[in-house]
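# Structure assessment
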Amino acid sequence: MPDLPAHSSPAFPPLHSPRPEHEHPHRLEEDAYILGEDATPPPSNDAELLEELPVVECEVRARIPTTTGHEMWLHVYRNNVDTKEHLAIVFGAQIRSRSLDREREGETELERMTRGAYVGRLYPGRTHSRVEAIKRAEGAMPKAQSGGSASVSSASVSDVGEDMEGSSNTELPLVRIHSECYTGETVWSARCDCGEQLDEAARLMSSPHISPSGGVIIYLRQEGRGIGLGEKLKAYNLQDLGNDTYEANIMLRHPADARSYGLATSMLVDLGLGGEAGIRLLTNNPDKVRAVEGPGREVVVKERVAMVPLAWKTGGKAGIKSEEVEKYLSTKIEKFKHMLTQQ
Ligand SMILES: [Zn+2]
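The following paragraphs examine the structure supplied in this document. In this text the structure is predicted, and so the values were computed from the model without any measurement.

## Some thoughts on the overall build of the chain
From N to C terminus, the chain includes 14 helices and seven strands. Among the 343 residues that make up the chain, the fraction classed as buried is 36%. The long-range fraction of contacts in the chain, counting pairs at least 24 apart against all pairs at least 6 apart in sequence, stands at 67%.

## Focus on the sheet that holds strand β5 (residues 215–220)
Two pairing modes exist for strands in a sheet, parallel and antiparallel, and in both the strands are linked by backbone hydrogen bonds. The seven strands are arranged β1-β2-β3-β5-β4-β6-β7 in an open sheet whose pairing can be described as mixed. Two strands lie at the open edges of the sheet, namely β1 (56–65) and β7 (299–305), each paired on one side alone. Strand after strand, the sheet turns through a mean of 30° between neighbouring axes, direction not considered. In terms of strand pairing, strand β4 (residues 174–179) meets strand β6 (residues 275–282) through two bridges, oriented parallel. Residue pairing for β6: L174 is matched across the bridge by R280. Here helix α12 (residues 286–293) sits on the sheet in contact with β4, β6 and β7, set at roughly 160° to β7.

## Re the pairing of strand β3 (residues 86–91)
The buried count for β3 comes to six of six residues, which makes it a mostly enclosed element. Residues H86, A88 and V90 point to one face of β3 and L87, I89 and F91 to the other, with burial holding for every one of them. Note that strand β2 (residues 71–79) and β3 share five bridges and pair antiparallel. By the bridge assignment, L74 is partnered in β3 with I89. The antiparallel hairpin formed by β2 and β3 contains six residues in its connecting segment. Of the pairings in the sheet, the one linking β3 to β5 comprises five bridges and is antiparallel in character. Paired with V90 across the bridge in β5 is V216.

## Focus: the environment of V269
Here V269 lies in helix α11 (residues 259–270). C-alpha of V269 to C-alpha of E298: the two residues are 29 residues apart in sequence and 7.1 Å apart in space. Look past the residues within four positions of V269 in its chain and what remains in contact with it is G274, E298 and V299.

## So, α12
Within α12, the full set of buried residues consists of K288, A291, V292 and E293. Taken from the residues just after α12, G294 is the one with a positive phi, measuring 90°.

## As for helix α8 (residues 194–206)
A rise of 1.5 Å per residue sets the reference length of α8, with its 13 residues, at 18 Å; its end C-alpha atoms lie 18 Å apart and thus fit the reference within 8%. For α8, the full list of buried residues reads C194, E196, Q197, L198, E200, A201, A202, L204, M205 and S206.

## Focus on the nonpolar core
Core analysis: the biggest nonpolar cluster contains 49 residues, and A88, V90, V216, I218, A264, M267 and L268 have the highest contact counts within it. Here this core gets six residues from one element, more than from any other, and that element is α8.

## Comments concerning the pairing of β2
When β1 meets β2, the two strands line up antiparallel, connected through nine bridges. Bridge pairing links V56 to N79 in β2. Linkage of β1 to β2, two consecutive antiparallel strands, is achieved through a turn of five residues, within which G69 is found at a positive phi near 100°.

## Observations regarding the environment of R176
Turning to its location among the elements, R176 is positioned in strand β4. Distance in space between the C-alpha atoms of R176 and T283 is 6.9 Å, their sequence separation being 107 residues. Among residues more than four places away in sequence, those in contact with R176 are A201, I217 and L282.

Conventions we followed
Residues numbered from 1 in each chain as written. Predicted model: local features only at pLDDT ≥ 70, side-chain atom pairs only at ≥ 80, totals over all residues. Helix = DSSP H or I, 4+ residues; strand = E, 2+ residues; numbered from the N terminus. Buried ≥ 20, exposed ≤ 12 C-beta atoms within 10 Å, placed from the backbone. Contact = placed C-beta atoms within 7 Å. Pairing = 2+ DSSP bridges. Axes fitted to C-alpha atoms, helices over the stretch in contact; angles between N-to-C directions. Expected span 1.5 Å × (residues − 1). Core = buried A, V, L, I, M, F, W, Y, C linked by C-beta atoms within 7 Å.

The analysis is restricted to geometry; functional conclusions fall outside its scope.
This is how it looks when you write it as structure tokens:
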């Protein structure tokens, strides 16, 4: 055996090693700018056939008043496939977690309320988690907000009206599957539009006009779609060195991860959004519809609602501005239009 340089060792496979088709094209954030989180490739048929839905349980939820004036209910889930705390960001009081509400043996009312398994709102001195107690206390407790404190401007409603042309199922809850993006959501990165997409999803779901039945953002803790922040930053460096997204992917050997869809499906079922009643899915990726529905069609997507990047909607006046993003705008816009009409 000759002395091979480190890059020839079996631990570092050749750059041209064959890879499953679904692993490569849309992994990185520059593609993600165009397609947002929808750039995630669909799981392979094999994965889908073999996949069993993970078991999920909502550990705790809490009411979160937000800076926009709306409220959401943040749900922390645990599951039997990884140790991450995946989240459900729930808009509207009518969407409830089955596993959270389920009684746990020996728990006290204070414990139930502490983990968020209560009806209505908490207030100082409340002693009971259940609805009968709420009725007794009625009049003494503040009325639940239903978005009245933050009305949606007429401009934003008409904007969305255009986006949602043909959307006839507004009574169905709106759902978005979103993958964690520290760079785009926390440290102001303009390499992708994840932060903007998260904001937009929340805006649509908190509007009583657009989403009267509420909505859910399933927030999966899979930075860079599971490769982690460190690997994502390496991909950025490889792109800055002149590699395109495809080459950077090959060099980093990003793993495919179809599990996230199963987690999302399980969480949606737990939130009562499974079955024939159906949901509307906010996505630009038609392939995602089937993936989110689950191996046994546990969730039924009745309608796909497209998400238009702010920059395109406003002719560049709003939304992400950066060199990285602009070089993709002109080349990918046709592709995006195509997807919009692909209902
Ligand atoms: Zn991002």
